[in-house]
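Coordinate analysis (summary)
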Amino acid sequence: MAAHSLSPSLYRLLFAVKYASLHSRCCAVHKKAQYSTIYNPSEKTFEKILIANRGEIACRVIKTCKKMGIKTVAVHSDVDSSAVHAKMADEAVCVGPAPTSKSYLNMDAIMDAIRTTGAQAVHPGYGFLSENKEFAKRLAAEGVTFIGPDTHAIQAMGDKIESKLIAKAAKVNTIPGFDGVVKTAEEAVKIAQDIGYPVMIKASAGGGGKGMRIAWNDEETREGFRFSSQEAASSFGDDRLLIEKYIDNPRHIEIQVLADKHGNALWLNERECSIQRRNQKVVEEAPSTFLDSVTRQAMGEQAVQLAKAVQYSSAGTVEFLVDSKKNFYFLEMNTRLQVEHPITECITGLDLVEQMIRVAKGYRLQHKQEDIPINGWAIESRVYAEDPYKSFGLPSIGRLSQYHEPLNLSNVRVDSGIQEGSDISIYYDPMISKLVTYGATRSEALARMEDALDNYVIRGVTHNIPLLREIITHPRFISGDISTNFLPEVYPDGFKGHQLEADTRRELLASAAALYITAQLRSQRFLGEVEVSGQWDLASPLLPLTINSTHKMLQCLSRDASGNIVLQYLGTSFQVRVLSKLAAELNSYMPEKVPEDTSSILRSPMPGTMVAVSVKPGDTVAEGQEICVIEAMKMQNSLTAVKQAKVKSVHCKPGDTVGEGDLLVELE
Amino acid sequence: FRGKLPQTSLLRDSRWYSVSHLSVKERIDKKRKAALIGGGQKRIDAQHKRGKLTARERVELLLDPDSFVETDMFVEHRCSDFGMEQDRNKFPGDSVVTGRGRINGRLVYVFSQDFTVFGGSLSGAHAQKICKIMDQAMTVGAPVIGLNDSGGARIQEGVESLAGYADIFLRNVMASGVVPQISLIMGPCAGGAVYSPALTDFTFMVKDTSYLFITGPDVVKSVTNEDVTQEELGGAKTHTSVSGVAHHAFENDVEALLNLREFFNFLECHDPSDRLVPSLDTIVPFESTKAYDMLDIIQAIVDEREFFEIMPNYAKNIVVGFARMNGRTVGIVGNQPKVASGCLDINSSVKGARFVRFCDAFNIPIITFVDVPGFLPGTAQEYGGIIRHGAKLLFAFAEATVPKITIITRKAYGGAYDVMSSKHLRGDVNYAWPSAEVAVMGAKGAVQIIFRGKDNQAEAEAEYVEKFANPFPAAVRGFVDDIIEPSTTRRKICRDLDVLASKKQVNPWKKHANIPL
């Protein structure tokens, strides 16, 4: 009895000690891995900054503000009222309902928030209003500092056509292409023929991969023109397009620049962002395995030339496409803090947010070009709430029922704006976090990334860790043989998860069996007859184990009484069934149950909003014909018929909000 | 005197004895062999073909290896009519296997009806065997598990079979609240036979192979002219989602038996009792009209997220089931805002009441999570007797003397507030989350009554919300003991359960109470 009452308290004590030591250790590591520059507290700065953003980037900015002793104001939508960024800031102001157009893009409400809180400056983060010249203008009119470049630079670089003209003038390599407004599909075809196929068609106003189409012939050009102009019009309210030479097998390498208001500019080395899906980045690293110092310097110098040409101040990114012969072409300039900025911070030791704030306050840069080092190697994995088995990632939503970041490991940085219990909703970007690992060498950073992914506990939403882990352990990635076509080339039939070999299969089965036995033995423990070694804690989602004297980290995703065990092993989740010999024998008598025939049922593959329903009951659809279009996370997805059939019933209409698995259309 | 006996006679006698002994041993072996094979290999194969296990295979899988101790293997039926007296119609053990064994070391008594012998039909002897183990279970205080797979009464035996049923029913009633009784329906169970499972604490079913009904589809057709299949009339889906007769259904025999083992598990676990649950701070949505899943709260709070839900598909507006807190078994009752706003109606009241009474009978502490907008209005409910049925839940919570801990997560409106294990019904510890609203009704309805005919309804509504849509009115009166941060709920419950372990409370002596049935 005494032993019984003692042990829980002892355990608590041990737990507290463990937790405390972990906590202090990861703080120390953070400082070391992130920033080598020292913040000078005597330098006068802003008293209060409003962060016009949400999620991880808002948290990221608030962290630096806290370090610099600056008070922070968060803005949030009503559903975000208990979000991490709103709780982290000193003040939080609600700026409207959930849809971004009514909250995070609602300039009137944000201007009101600035006035009522008395913020002296605004950090826009990325996305939302970060590259909105109108917003920058309104701030300037009220005497509030915009932490970013001035409106001239935003305007010049925000327009793809104008930015290319400026780049050309600044002697920056540009891609051969047509710089102008394209009015009709036929005009597009003619231009494409002049440039020579393949060509890329995209919206002038859009950033990233939005509104981008690649055409290999006239027909595809017409289609691309139609799609891109529609999407450009709906997403940006600006249907101007740009057609240019499409570079086959390119790498996407970008240069981080930092400039002040006194004409000084630096390049902070490159980031390799070639691993992309649907033109959106998934894994980034700095430096690139591909660049030699000559190319690096040439790219850096051109980037600085461009920055100077537009009197750029603040942090910015000049994106280049690099072909296999190390020819590089200017792609675009992002006049904001980039999502993947942490890897640059890791290798240079600069806190980019701190530098942006300094520059905005009017200070000169502290560094000279020769002060900018490449220390070690940093990798960033974008952990998304999405299903990697559906076209490398379709958004998923849900509540993070369990969530532990792998901060117990050294040289790991996690930038996130969510916590256990947070909702990943259809309203915002489905990014869970940016997982950054750092090492003296690339292989060290990669090995740490493997550990970090294995130790990352995410429950409640589908996530892309299986894909991330496969990418960073793929021989082609390890050897640095990558391009923006990496994913479709490596997984031509789509991502299927980790493929087990004979030995890994044995390891998985042995682990599942060991887990089963541990659970079975524990069930009998109340008798005090069986002693189980405390190696495994069944209450923990992590299962550290030693297989043939190597340490591996598995995760138990679920375990039930019927012997079904789902384990995350090598990133991918595997379902294993463990039965006693007797149960397995008897199980052979159990009938196979036939699952519902789904070929005639169309269910929503993801949560979102119905944009269009193209069929009505009684219609006959051909195999592959579009049935409806769902918009989720700002992406439109067309759902098609899997067989030729007559439409029996339609259960949705445009404008409906649908959940994953909802019945949309029934075929006969 | 013995020594005086002639040598020869002794030898002869001993030879005679040994011969006779051998023949008894042979007979024993033969009988045992026969008992083990039940109705014969052909019928066993037929049973397997239906996707069902035999009575013995089921017992073997349910119990710990080699722990089964069989009783009455040699019992045979005593019917001599219709040719039943012939040797080929006698089966040692008759149509049921009975005995005791252990599940993860815990003693249980089991009977398993053998469909291969006369379709598992219940003879006088069959009933007698079941009664015997039930009596033994009562004397030692161990649970009884029935594995039902029986075509019904042994028609050849007539009233003796009926008497057998009644003997079992009586024991079910006498054992009720004394030892836990569990029925797992693994085949047909029809006619009067259904009342034995109905009297036990929990009835589980196997999908697609088990049926429970008073009268089968043929009789239904001839009496009411309804066309209905066995599955529709009394299958697992019907009873777990429509009638509420069964508490859980499993995919097949193997899964059912493995889950039944799990049901008996008492885990000693290392889930820290003072673990904070930060996710709970954000679970109750910003808008008070928006739903959330009460299971998210329950799973986050209990040990290892393991919750054995009872009746998950019936009256889903209330959630009931077992879990562990710091290793202790607890019963959990929670309104489910996700379904019908978590209101109380006839079905959910009855479901909750029966569960609460089970917990109280077997000394299992009850933890109640409250988010209830009230009782469901409407003629269907009133005509159906919501007053009578709602009273059952009220009765059950009020009479329960086990430790009772209540957490108001959001709404606790009207009479439903009183019912849901409130302080006034001898709740030991009653907490409110900051999102709690304890009031007679929602703001809109209240304002319409208080300010009837006045113009400034919106203003009045805001005033009402300010005054009552928060935990203070209850807290200042001591109707909740504390307003707690949701993330600390687990830690607080575990601590309270430690203290309440020595709770002693008795109701006034009575023959029995008169719950409004």
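As recorded in an unreviewed UniProt entry, chain B goes by the name Propionyl-CoA carboxylase beta chain, mitochondrial, listed as coming from Lates calcarifer. Per UniProt, the comment on chain B under Sequence similarities (unreviewed entry) is "Belongs to the AccD/PCCB family."

Per an unreviewed UniProt entry, chain A goes by Propionyl-CoA carboxylase alpha chain, mitochondrial and derives from Lates calcarifer. Looking at chain A in UniProt, the text filed under Pathway (unreviewed entry) is "Metabolic intermediate metabolism; propanoyl-CoA degradation; succinyl-CoA from propanoyl-CoA: step 1/3." According to its UniProt record, chain A has this under Subcellular location (unreviewed entry): "Mitochondrion matrix".

Side note on the overall build of chain B
Secondary structure summary: chain B contains 19 helices and 17 strands in total. Each of the three principal axes of chain B carries a C-alpha extent, and together these read 115 × 60 × 45 Å. Looking at the 517 residues of chain B, the share that counts as buried comes to 53%. A fraction of 73% describes how many contacts in chain B between residues 6 or more apart in sequence connect residues 24 or more apart. Carbon and sulfur atoms make up 57% of the accessible area of chain B, which totals about 23,600 Å².

Things to note about unusual backbone geometry
Each neighbour pair has its own omega, and for Ala286(A) with Pro287(A) the value is -5°, a cis peptide bond. Tracing the backbone shows Pro287(A) in the loop between strand 12 (280–286) and helix 10 (293–309). The phi angle at Asp94(B) is positive, at roughly 50°, despite the residue not being glycine. Positionally, Asp94(B) belongs in the loop between strand 1 (69–71) and strand 2 (96–103). By relative accessible area, which is 3% here, Asp94(B) ends up buried. In this structure, Asn104(B) is a non-glycine residue whose phi angle is positive, near 45°.

A short note on the sheet that holds strand 9 (residues 241–245) of chain A
All names here are of chain A. Strand order across the open sheet formed by four strands is 6-9-7-8, with antiparallel pairing between neighbours. The outermost strands of the open sheet, each flanked by one partner alone, are strand 6 (177–178) and strand 8 (213–215). Alignment of strand 6 against strand 9, held across two bridges, turns out to be antiparallel. Opposite Phe178, over in strand 9, you have Ile243 as the bridge partner. Relative to strand 9, helix 7 (residues 160–169) is tilted by about 45°, and along the sheet it contacts strand 7 (199–203) and strand 9. Against the sheet, helix 8 (residues 185–195) contacts strand 6, strand 7 and strand 9, and its axis sits at roughly 25° relative to strand 9.

So, the nonpolar core
Residue and element names in this part refer to chain B. Formed by 64 residues in total, the largest nonpolar core has its most connected members in Leu147 and Phe263. With six residues, helix 10 (residues 253–263) is the single largest residue contributor to this core. Counting residues domain by domain, this core receives three or more from each of domain 1 (24–264) and domain 2 (278–436 + 480–500). Excluding anything up to four places from it in sequence, Phe263 contacts Ile182, Phe202, Phe204, Phe308, Ile310 and Phe322.

Concerning the pairing of strand 24 (residues 542–547) of chain A
Residues and elements named next belong to chain A. Two strands pair when backbone bridges link them, and strand 24 and strand 25 (residues 550–559) are joined in this way by six bridges, in the antiparallel orientation. Among the inter-strand pairings, Leu542 is bridged to a residue of strand 25, identified as Gln555. Between strand 24 and the antiparallel strand that follows it, strand 25, lie two residues; Asn548 among them carries a positive phi value of about 45°.

Focus on the UniProt feature "domain: CoA carboxyltransferase C-terminal" (unreviewed entry) in chain B
When the UniProt feature table is mapped to this numbering, "domain: CoA carboxyltransferase C-terminal" (unreviewed entry) covers residues 272–511 of chain B. Along residues 272–511 of chain B the backbone is 36% helical and 19% strand, and the end-to-end C-alpha distance reaches 43 Å.

With respect to helix 10 of chain A
Residue and element names in this part refer to chain A. Here helix 10 spans 24 Å end to end across 17 residues, near enough to the 24 Å set by a 1.5 Å rise per residue. Three or more residues of helix 10 are buried, namely Thr295, Arg296, Met299, Gly300, Gln302, Ala303, Val304, Leu306 and Ala307. Among the structural elements, helix 6 (151–158), helix 7, strand 10 (251–259), strand 11 (265–277), strand 13 (314–322) and strand 14 (328–334) are those in contact with the buried residues of helix 10. Positive phi appears at Gln311, one or two residues downstream of helix 10, with a value of about 50°.

Quick look at the interface of chain B and chain A
With 41 residues of chain B at the contact, the number on the chain A side is 37 residues. Note on chain B versus chain A: buried area summed over both sides is about 3,500 Å², and carbon and sulfur give 54% of it. For the pair chain B and chain A, the number of links is six salt bridges. Arg399(A) serves as the salt-bridge partner of Asp296(B), at 4.0 Å between the closest nitrogen and oxygen. If you look at where chain B meets chain A, you find eight residue pairs in polar contact (both at pLDDT 80 or more). Put simply, the parts of the chain that give the side of chain B that touches chain A at least two residues each are helix 3 (55–62) and helix 10 of chain B. Looking at the side of chain B that touches chain A element by element, the count peaks at seven residues for helix 10 of chain B.

A short note on the domain arrangement of chain B
Residues and elements named next belong to chain B. Domain boundaries in chain B define domain 1 (24–264) and domain 2 (278–436 + 480–500). Computed from C-alpha coordinates alone, the two centres of domain 1 and domain 2 are separated by 35 Å. With 22 residues of domain 1 in contact, the opposing surface of domain 2 contributes 13 residues. Taking both sides of the interface into account, the surface hidden between domain 1 and domain 2 amounts to around 1,400 Å²; carbon and sulfur atoms contribute 66%. Area buried by domain 1 at its contact with domain 2 is led by Phe202, His247 and Phe263, which between them contribute 33% of it. If you look at where domain 1 meets domain 2, you find zero salt bridges. Counting across the domain 1 and domain 2 interface gives four residue pairs in polar contact (both at pLDDT 80 or more). When contributions to the side of domain 1 that touches domain 2 are tallied by element, the ones reaching two or more residues are helix 6 (195–199), strand 7 (202–206), helix 9 (236–242), strand 9 (248–250) and helix 10. Considering only residue class, the side of domain 1 that touches domain 2 consists of eleven nonpolar, nine polar and two charged.

A short note on the environment of Ser103(A)
Residue and element names in this part refer to chain A. Structurally, the position occupied by Ser103 is in the loop between strand 3 (91–96) and helix 4 (107–117). Classification of Ser103 by relative accessible area gives buried; the value is 0%. Ignoring any residue separated from it by four or fewer positions in sequence, one finds Ser103 in contact with Ser77, Val95, Gly96, Pro97, Ala98, Ile110 and Tyr428.

Here we look at the domain arrangement of chain A
What the domain assignment reports for chain A is domain 1 (48–147), domain 2 (180–245), domain 3 (251–490), domain 4 (535–586) and domain 5 (601–667). The C-alpha centroid of domain 5 of chain A is placed 38 Å from the C-alpha centroid of domain 1 of chain A.

Looking at the sheet that holds strand 30 (residues 620–621) of chain A
Residue and element names in this part refer to chain A. Read from one edge of the open sheet, four strands run 28-35-33-30, paired in antiparallel fashion. The open sheet terminates on both sides in strands that have one partner only, identified here as strand 28 (601–603) and strand 30. Note that strand 28 and strand 35 (residues 663–667) share three bridges and pair antiparallel. Paired with Ile601 across the strands is Glu666, a residue of strand 35.

Re the packing of helix 4 of chain A against helix 5 (residues 133–141) of chain A
All names here are of chain A. Relative orientation of the contacting elements helix 4 and helix 5 amounts to 30°, with a least axis distance of 11 Å. Overall, the two elements helix 4 and helix 5 adopt an arrangement that is roughly parallel. In the packing of helix 4 onto helix 5, the handedness of the crossing is right-handed. Residues Met107, Asp108, Ile110, Met111 and Ile114 of helix 4 form the contact with helix 5, whose participating residues are Glu134, Phe135, Arg138 and Leu139. Residues of the contact of helix 4 with helix 5, tallied by class, amount to six nonpolar, no polar and three charged.

What counts and how
Within any chain, residue numbers begin from 1 and follow the written order of that chain's sequence. Note on labels: chains are lettered from A, ligands numbered from 1, in written order. For this predicted model, a pLDDT threshold of at least 70 governs which residues receive local features, and a threshold of 80 or more governs which side-chain atom pairs are given and counted, while totals over whole chains, interfaces and linings are taken from all residues. Hydrogen atoms and water are omitted, and side-chain values are computed over all heavy atoms in the structure. UniProt positions are given in the numbering used here, feature names are shortened, and annotations may be inferred rather than shown by experiment. Each helix is a run of H or I in the DSSP string that is no shorter than four residues. Each strand is a run of E no shorter than two, and both are numbered from the N terminus. Only protein chains enter the accessibility calculation, which uses a 1.4 Å probe. A residue is then buried if its area is under 20% of the maximum for its type, exposed if over 50%, and partly exposed in between. Working rule for contacts: check all heavy atoms of both residues, and any pair within 4.5 Å makes them a contact. Per-residue and other accessible areas follow the Shrake-Rupley method at a 1.4 Å probe size, with only the shown protein chains counted as cover for residues. Note on pairing: DSSP must find at least two bridges between two strands before they are called paired. Interaxial angles span 0 to 180 degrees and are taken between N-to-C directions of axes, which are lines fitted to C-alpha atoms, for helices over the stretch in contact. In this text, buried Ala, Val, Leu, Ile, Met, Phe, Trp, Tyr and Cys residues form a nonpolar core when linked through side-chain atoms within 4.5 Å. These domain boundaries are the output of an automatic or database domain assignment. Take the residue count of a helix, subtract one, and multiply by 1.5 Å to get its expected span. Summed over both partners, the accessible area (1.4 Å probe) lost when two parts come together is defined as the buried area. We define a salt bridge as a contact between a side-chain nitrogen of Lys or Arg and a carboxyl oxygen of Asp or Glu at a distance within 4 Å. Within 3.5 Å is the distance limit for a polar contact, defined as a pair of N or O atoms, with the added protein rule that one can donate a hydrogen and the other accept it, and that residues adjacent in sequence qualify only through two side-chain atoms. Amino acids outside the nonpolar list (Ala, Val, Leu, Ile, Met, Phe, Trp, Tyr, Cys, Pro) and the charged list (Asp, Glu, Lys, Arg) are all regarded as polar, and Gly is one of them. Angle categories: roughly parallel below 35 degrees, roughly antiparallel above 145, roughly perpendicular from 65 to 115, and oblique for all the rest. For any pair of crossing helices, the crossing counts as left-handed if the nearer helix is rotated counterclockwise from the farther one by less than a right angle, and right-handed if it is rotated clockwise.

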